[in-house]
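Structural overview
So you can see what is in the structure, the chains are spelled out below.
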Amino acid sequence: YGEKARTFKIEFINIAGNVVRTEKKVFGDQYWFRDPWYIKDLVSGFYMIRIISEDGLTNRTFRIEKI
């Protein structure tokens, strides 16, 4: 994620547009970082995961389906 550590806000958004979970994660200067998310508390359906860096350089959105 770059040459220095960054802090990211990760939001789980349900199909109605409500943020159902928000997490902050600090990623080191490593290129790859794995961190499992446990979604047992989320009901089945479609979700958007929005990832925004605090410095504003990264803003990504992913669509997932929990079966």
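Residues numbered from 1 in each chain as written. Predicted model: local features only at pLDDT ≥ 70, side-chain atom pairs only at ≥ 80, totals over all residues. Heavy atoms only, no water.

Bringing the overall build of the chain into the picture now. Counting secondary structure elements, the chain contains 0 helices and 4 strands. Order of helices (α) and strands (β) in the chain, N terminus to C terminus: β-β-β-β. When burial is assessed residue by residue, the chain has 24% of its 67 residues classed as buried. Nonlocal contacts in the chain, meaning residues at least 24 apart in sequence, comprise 41% of its contacts between residues at least 6 apart. (Helix = DSSP H or I, 4+ residues; strand = E, 2+ residues; numbered from the N terminus. Buried < 20%, exposed > 50% of the residue type's maximum accessible area, 1.4 Å probe, protein only. Contact = heavy atoms within 4.5 Å.)

Attention now goes to the pattern of salt bridges. Counted by the stated rule, this structure contains 7 salt bridges. Ionic pairing is found between R6 and D55, a salt bridge with its closest N-O pair at 3.1 Å. Residue R6 is located in strand β1 (residues 6-14), and its partner D55 is located in the loop between β3 (45-53) and β4 (59-66); the two are separated by 49 residues in the primary sequence. Here the salt bridges share partners, and the residues they tie into one network are R21, E23, K25 and D41. (Salt bridge = Lys/Arg side-chain N within 4 Å of Asp/Glu carboxyl O.)

Inspection of every chain in the model, using the stated rule, returns 0 aromatic pairs. Across the ring face of F12, the terminal group of R21 is positioned such that the distance to the ring centre comes to 5.0 Å. (Phe/Tyr/Trp six-rings, centres within 6.5 Å; stacked < 30°, edge-to-face > 60°. Lys NZ or Arg CZ within 6 Å of the ring centre and 35° of its normal.)

Spatially, the 4 strands line up as an open sheet ordered β2-β1-β3-β4, and their pairing is antiparallel. This sheet does not close on itself; its edge strands, each paired only once, are β2 (19-27) and β4. Each strand of the sheet is rotated relative to its neighbour by a mean of 20°, with strand direction disregarded. Where β1 and β2 come together, 8 bridges link them in antiparallel fashion. When the bridges of β2 are listed, T7 appears paired with V26. (Pairing = 2+ DSSP bridges. Axes fitted to C-alpha atoms, helices over the stretch in contact; angles between N-to-C directions.)

Low pLDDT means the predicted coordinates in that region are not meant to be read closely. In this model, the chain carries an average pLDDT of 86, and 88% of its residues clear a pLDDT of 70 or more. β2 is the least confidently modelled element of the chain, averaging 90 in pLDDT, while β3 averages 93, the highest of any element. (pLDDT = per-residue confidence, 0-100.)

Relative to β3, β1 runs antiparallel, the two being bridged by 7 bridges. By the bridge assignment for β3, N14 is matched with Y47.

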